Amino acid sequence: MTTIGIIGAGNIGSALARGFAQHGYDVVISNSRGPETLADLVADMGDGVRAATAQDAAAAGDVVVVTVPLKAIDDIPVEPLAGKIVLDTNNYYWERDGRIAELDENRTTTSQMLQEHLPQSRVAKAFNHIMSADILTDGSPAGTADRRALATSSDFDDAADLVTRIYDEFGFDTVNVGPLADSWRVERDRPAYVVRQNAEELRANLARAER
Ligand SMILES: NC(=O)C1=CN([C@@H]2O[C@H](COP(=O)(O)OP(=O)(O)OC[C@H]3O[C@@H](n4cnc5c(N)ncnc54)[C@H](OP(=O)(O)O)[C@@H]3O)[C@@H](O)[C@H]2O)C=CC1
Ligand SMILES: O=C(O)[C@@H]1CCC=N1
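What counts and how
Residues numbered from 1 in each chain as written. Chains lettered and ligands numbered in written order. Predicted model: local features only at pLDDT ≥ 70, side-chain atom pairs only at ≥ 80, totals over all residues. Helix = DSSP H or I, 4+ residues; strand = E, 2+ residues; numbered from the N terminus. Rg over C-alpha atoms; globule rule 2.2 N^0.38 Å. Buried ≥ 20, exposed ≤ 12 C-beta atoms within 10 Å, placed from the backbone. Contact = placed C-beta atoms within 7 Å. Near = placed C-beta within 6 Å. Nonpolar A, V, L, I, M, F, W, Y, C, P; charged D, E, K, R; others polar. Expected span 1.5 Å × (residues − 1). Pairing = 2+ DSSP bridges. Axes fitted to C-alpha atoms, helices over the stretch in contact; angles between N-to-C directions. Core = buried A, V, L, I, M, F, W, Y, C linked by C-beta atoms within 7 Å.

**Student:** Could you give an account of the overall build of the chain, naming the residues involved and the relevant values?
**Tutor:** A tally of regular secondary structure across the chain gives nine helices and eight strands. In summary, the chain has a C-alpha radius of gyration of 16 Å against a globular reference of 17 Å for 211 residues, a match within 12%. For the chain, the spread of C-alpha atoms along the three principal axes comes to 45 × 40 × 30 Å. When the 211 residues of the chain are sorted by exposure, 45% land in the buried category. The contacts of the chain with a sequence gap of at least 6 include a subset with a gap of at least 24, amounting to 64%.

See the structure below:
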């Protein structure tokens, strides 16, 4: 049984917890305020989902999702994530996160920032350009005509391959953007951001992204 650790229990973290549980994973979910504040959230998700601290979710997960506001990534525990694949849903909202010069000046990407914070982990972008409400409703079986596609990006092939398998379980095709340095193509306000697109349309939207 694979355990998914989730750091962040908001719109995305809670949708992913429910989805992973539905697909048979064990889930350990966390937030900043402590597991007691998540009792109601996990109550109807079944025995496979439990609440914990971020440190415990990081330690318990075979694979860990980081889904917090970007301004909080320096708080993500480093040591328990060493050697693990980490899925990064984060986007940069300067209105929420404050101005980050490296991003404003196109010197890095949001996922490269998380990879730098977690040098011993293998970070892959996942679920960052789909509205949380669509994650559990827009999927369809493999082979469905016009199936919705989502992008991933990683410096590690096994991490991108894992996201591809997870997307398929949630009902989405995958387009691999390539290394994290190229993941700006799927960041906020680019053509591929939070629009419904099939794999061919997603490839086209990634190709016409500019920065
Ligand atoms: N909303 C959406 O549709 C989408 C959002 N995203 C991106 O995904 C990320 C999460 O978004 P969303 O779920 O909407 O955010 P929310 O604001 O709904 O939830 C954020 C969660 O992160 C937790 N958190 C904050 N700081 C810390 C910390 N230091 N340690 C542990 N947990 C912390 C919060 O816990 P607490 O409440 O206890 O502080 C909360 O559970 C963001 O980067 C966002 O831009 C990506 C795609 C779509
Ligand atoms: O990252 C976010 O918070 C936004 C909301 C819509 C899509 N992403």
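What follows picks up the thread again.
**Student:** Which residues make up the site of ligand 2, and what values do they have?
**Tutor:** Close to ligand 2 lie Asn 91, Tyr 93, Met 131 and Val 194, which account for all nearby residues. The residue inventory of the shell around ligand 2, partitioned by class, reads three nonpolar, one polar and no charged.

**Student:** Now, about the site of ligand 1: what can you tell me, with residues and values included?
**Tutor:** Neighbouring ligand 1 are 24 residues; Gly 8, Gly 10, Asn 11, Asn 31 and Asp 75 lie closest to it. If one sorts the elements of the shell around ligand 1 by residue count, helix α1 (residues 11–22) sits on top with three residues. Class assignment for the residues of the shell around ligand 1 results in 10 nonpolar, 12 polar and two charged.

**Student:** Explain α1 residue by residue, including any values.
**Tutor:** Taking 1.5 Å of rise per residue, the 12 residues of α1 would be expected to cover 16 Å, and the 17 Å separating its terminal C-alpha atoms lies within 8% of that figure. Burial within α1 is extensive, with nine of its 12 residues counted as buried. Along α1, the positions that sit buried rather than exposed are Ile 12, Gly 13, Ser 14, Ala 15, Leu 16, Ala 17, Arg 18, Gly 19 and Phe 20. Backbone geometry just downstream of α1 places Gly 24 in the positive-phi region, at approximately 95°.

**Student:** Outline the sheet that holds strand β1 (residues 3–7), listing residues and values.
**Tutor:** In spatial order, the strands read β3-β2-β1-β4-β5-β6-β7-β8; together these eight strands make up an open sheet with mixed pairing. On the outer flanks of this sheet lie β3 (49–51) and β8 (173–176), each paired with one strand and no other. Sheet twist, expressed as the mean angle between neighbouring strand axes with direction ignored, is 25°. Sheet strands in contact with helix α6 (residues 110–117) are β4 (63–66), β5 (85–88), β6 (122–125) and β7 (149–154), and its direction is about 165° off that of β6. Across the sheet, helix α9 (residues 199–207) touches β7 and β8, and the angle it forms with β8 is around 25°.

**Student:** Can you tell me about the nonpolar core, naming the residues and giving the values?
**Tutor:** Note that soluble globular proteins tend to have their nonpolar side chains buried in a common cluster. One finds Ile 6, Ile 7 and Ile 29 to be the most contacted residues of the largest nonpolar core, which totals 58 residues. Ranked by residues supplied to this core, first place goes to helix α8 (residues 157–170) with seven residues. With sequence-adjacent residues up to four places away left out, Ile 7 is seen in contact with Ser 30, Ala 54, Ala 57, Ala 58, Val 64, Val 65, Val 66, Thr 67, Val 68 and Ile 76.

**Student:** Give me the pairing of β1: which residues, what numbers.
**Tutor:** For β1, the buried fraction is high: four of the five residues fall into the buried class. Both β1 and strand β2 (residues 26–30) contribute to a ladder of five bridges, which runs parallel. The partner of Ile 7 across the bridge, within β2, is Ser 30. Note: β1 against β4, four bridges, orientation parallel. Bridge pairing in β4 places Ile 7 opposite Val 66.

Note that every value here comes from positions in space, so none of it alone points to a role or purpose.
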